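In case you want the letters, here they are:
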Amino acid sequence: MNLKLYKSFLGAFILLVNLSCKNNTSTVIDKDTIKPNVVVIYLDDLGYGDLSCYGATAIKTPNIDNLALGGVKFTNGYATSATCTPSRYALLTGMYPWRNKDAKILPGDAPLLIDTKQQTLPKMLSKAGYQTAIIGKWHLGLGSGFVNWNETIKPGPNEVGFDEAYILAATQDRVPTVYIENGNVVNLDKSDPIEVNYKKNFEGEPTAKSNPEMLTMKWHHGHNNSIVNGIPRIGYMKGGDAAKWSDVDMADHFLSKAQNYIKTHKEKPFFLYYAMQQPHVPRTPHPRFVGKSGMGPRGDVILEADWCIGEFIKTLEDEGILENTLIVFSSDNGPVLNDGYFDDAVEKLGNHDPKGGLRGGKYSLFEAGTRIPFITYWKGKINPGVSDAIICQMDLLASLADLVGVNEKPTDSKNFLNTLMGVSDKGRDHLIIEAKSNTALRSGDWIMIPPYKGQSINKKVGTETGYSLEYKLYNLKNDIGQQNNLAKENPEKLKELIQIFENLKQ
Ligand code: NG6
Ligand code: CA
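Scope of this entry: the structure provided in the associated data block. It should be emphasised that the depicted structure is a prediction, and the values quoted were computed from it without experimental measurement.

### Description of the nonpolar core
Inside soluble globular proteins, nonpolar side chains tend to come together where they are buried.
Here comes step 1: Grouped together as the largest cluster of nonpolar side chains are 113 residues, with contacts concentrated most on Ile41, Trp138, Leu272, Tyr273, Tyr274, Phe312 and Phe329.
Here comes step 2: Broken down by element, this core gets its largest block of residues, eight residues, from helix H6 (residues 297-318).
Here comes step 3: Sequence-distant contacts of Tyr273, that is, excluding residues within four places in its chain, are made with Val40, Tyr42, Arg88, Leu91, Leu92, Ala133, Ile134, Ile135, Lys137 and Phe162.
Here comes step 4: In terms of nonpolar packing, the next biggest core, distinct from the first, is built from 32 residues, Ala90, Tyr96, Leu365 and Leu441 among them.

### Considering the site of ligand 1
Here comes step 1: Taken together, the neighbourhood of ligand 1 is formed by 20 residues, with Cys84, Asp173, Arg174, Asp339 and Lys362 sitting nearest.
Here comes step 2: One nitrogen or oxygen atom from the side chain of Asp44 is found 3.4 Å from an oxygen atom belonging to ligand 1.
Here comes step 3: His280 is positioned such that a nitrogen or oxygen atom in its side chain is 3.0 Å from an oxygen atom of ligand 1.
Here comes step 4: A molecule is said to occupy a pocket when more than half its atoms come within 2 Å of that pocket's grid points, and by this definition ligand 1 occupies the largest pocket.
Here comes step 5: Here the residues of the shell around ligand 1 are counted per class, giving five nonpolar, eight polar and seven charged.

### A few points about empty space enclosed by the protein
Here comes step 1: Tallied over the full model, the rule gives two cavities of 30 Å³ or more.
Here comes step 2: Put simply, the largest cavity is a space of about 50 Å³.
Here comes step 3: Around the largest cavity, the lining residues are Leu142, Ile153, Gly156, Pro157, Asn158, Glu159, Ala165, Ile167, Ile180, Asn182 and Gly183.
Here comes step 4: The space that makes up the second largest cavity amounts to roughly 30 Å³.
Here comes step 5: The wall of the second largest cavity is formed by Leu106, Pro107, Gly108, Ala110, His139, Leu140, Gly141, Leu142, Ala169 and Ala170.

### Quick word on the coordination of the calcium ion (ligand 2)
Here comes step 1: Taken together, the protein donors to the calcium ion (ligand 2) comprise Asp44 (OD), Asp45 (OD), Asp332 (OD), Asp332 (OD) and Asn333 (OD1), at separations of 2.2 to 2.7 Å.
Here comes step 2: Geometry at the calcium ion (ligand 2) is irregular, judged from the six donor atoms that bind it and their angles of 51 to 174° at the metal.
Here comes step 3: In this structure Asp45 comes out as buried when scored by relative accessible area, which is 1%.

### Here we look at the packing of aromatic side chains
Here comes step 1: Enumeration according to the criterion identifies 15 aromatic pairs in this entry.
Here comes step 2: Both rings, one in Tyr179 and one in Trp245, keep their centres 5.6 Å apart while their planes meet at 40°; by these two values the pair is tilted. Separated by 66 residues along the polypeptide, Tyr179 in strand S5 (residues 179-181) and Trp245 in the loop between strand S11 (236-238) and helix H5 (250-264) bring together distant segments of the chain. Each of the two residues, Tyr179 as well as Trp245, counts as buried.

### Concerning the sheet that holds strand S18 (residues 438-443)
Here comes step 1: Pairing is antiparallel in the open sheet, where four strands are placed in the order S17-S18-S19-S22. Two strands close off the open sheet at either side, each with one partner strand: strand S17 (430-435) and strand S22 (472-475). For this sheet, the mean inter-axis angle between neighbouring strands, taken without regard to orientation, is 20°.
Here comes step 2: The pairing of strand S19 (residues 446-449) with S22 spans four bridges and is classified as antiparallel.

### As for the pairing of strand S15 (residues 374-377)
Here comes step 1: Alternating residues of S15 divide into Phe374 and Thr376 and Ile375 and Tyr377, and every residue in both groups is buried.
Here comes step 2: Pairing between strand S2 (residues 72-78) and S15: three bridges, direction antiparallel. Residue pairing for S15: Phe74 is matched across the bridge by Phe374.
Here comes step 3: Note: strand S13 (residues 325-331) against S15, four bridges, orientation antiparallel. Paired with Ser330 across the bridge in S15 is Phe374.

### Topic: the layout of surface pockets
Here comes step 1: Of the volumes computed, that of the largest pocket is approximately 330 Å³.
Here comes step 2: Lining the largest pocket are 24 residues, with Ile105, Arg174, His223, Asp339 and Tyr363 sitting closest to its centre.
Here comes step 3: Tallied by class, residues from the lining of the largest pocket come to six nonpolar, nine polar and nine charged.
Here comes step 4: In this structure, the second largest pocket encloses a volume near 250 Å³.
Here comes step 5: Along the walls of the second largest pocket sit 16 residues, with Leu337, Lys355, Gly360, Gly462 and Thr463 positioned nearest its centre.
Here comes step 6: Here the residues of the lining of the second largest pocket sort into eight nonpolar, four polar and four charged.

How each quantity is defined
Residues numbered from 1 in each chain as written. Chains lettered and ligands numbered in written order. Predicted model: local features only at pLDDT ≥ 70, side-chain atom pairs only at ≥ 80, totals over all residues. Heavy atoms only, no water. Core = buried A, V, L, I, M, F, W, Y, C linked by side-chain atoms within 4.5 Å. Buried < 20%, exposed > 50% of the residue type's maximum accessible area, 1.4 Å probe, protein only. Helix = DSSP H or I, 4+ residues; strand = E, 2+ residues; numbered from the N terminus. Contact = heavy atoms within 4.5 Å. Near = heavy atom within 4 Å. Polar contact = N/O pair within 3.5 Å; in protein donor to acceptor, adjacent residues only side chain to side chain. 1 Å grid on protein atoms, 1.4 Å probe; cavity = no way out; pocket = protein on both sides within 12 Å on 5 of 7 lines; lining within 4 Å. Sits in = over half its atoms within 2 Å of the grid points. Nonpolar A, V, L, I, M, F, W, Y, C, P; charged D, E, K, R; others polar. Points joined across faces, edges and corners; volume = space filled by probe spheres on them. Donors = N, O, S within 2.8 Å, 3.2 Å for Na, K, Ca; no water. Tetrahedral: all angles 85-135°; square planar, octahedral: opposite > 155°, others 65-115°. Phe/Tyr/Trp six-rings, centres within 6.5 Å; stacked < 30°, edge-to-face > 60°. Pairing = 2+ DSSP bridges. Axes fitted to C-alpha atoms, helices over the stretch in contact; angles between N-to-C directions.

By themselves, these observations are geometric and do not establish any function.
Dropping the structure here:
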């Protein structure tokens, strides 16, 4: 049979299987023979409305749009949390972060949050023979108390399942501003040791307050401790000059590490967690992206991230492994404009809506805090389309375990492999979302936010928190912007959701 004919037979066969598997439990994947590479591309603070494939018109993200076009674009995809550390904890462990009281935004010198005995996504994939790596932002703590940055730092990503780890410890705005490779600070000059303190400065070291003339970026709130590359950071750091990263080169740096990883590991299946730093603050686009969005640095770094993803995918293609790689694209929490620096994000926003019509934003229990872009892509294998199924990043653990044939101890993660593959519409019935340790319940079309004390508006960043002293109940099907609180009008539904919420939380 000639190749063309064979391909069209194969195409028709896949289509038939796809159709017969809609809403069914079996997948189109031949799990015994296929172990695709798995890449999770995870952005930091990218909002539901920040991509052109999710409706943005003022910004164009063609490379991410291609993933959405050829894959499944989820309209009800969730991070567990409205901030970074808890969402990443859930992504990697399959556990709700509110079960771990320490799963909050961590300082750069916090101990490792994940128990080294805990199940994790990379450990599970290792059992199936995968090579595993993280490249990018970690923010899940390092060491087990005091960290000596001048020696090998343990435990960390390597101890929770990653064979290789090339990370920034916490966030781009937190010290230490150095890369760490498998526990060792990259380019460390032992004669200039690194010291880090989150409580007090080191004598004589400049800070944003003592030496404002050294700043190239101004702080708005927080971010007034040590200065690195003219940017004021959270926390104090001394020494380690040769090891300090270049902020404007960070995106290129992580990209080249990621490209190099796939080039050198393509002989066996790999799992790569490519945790990009954009568009978290400080937003530092490479000069070739400066001014390109017309929206200031926040828009520019989104374009930069999209470009990086395009280059990364080209590399998969050039290496001949794109067809054998499942890509999951998402973001750790919703968008924020002013997150502590004056960087024109508010002033130059124009008519762009990073929230994509949702209410709230980063730090918020309203939808924009946790509902984020979520795309799965596997060239030639995924049934492309748009899915309204409720799906959470936490579900990757159980779903991928099914894909690679590993039996997992139950966690909060649920198996939605068929949904991720675009052959089922089935999603979660319920999901508990979290913002700063307060939780709410998404159930079907409904969301119920219990009463919480606390400011209804986070005044510094300018977003609504979702906290108030009364119950809130919204029907997202016809009120995606959460404008009509139906708690009083619909006490039956409210009661039902409170009951489910309480059962799930036990
Ligand atoms: C906050 C920081 C914010 C950001 C956030 C973590 C201040 C005033 N604000 O405490 O700038 O770093 O922590 O963001 O310090 S996250 O995406 O990693 O959760
Ligand atoms: Ca984040």
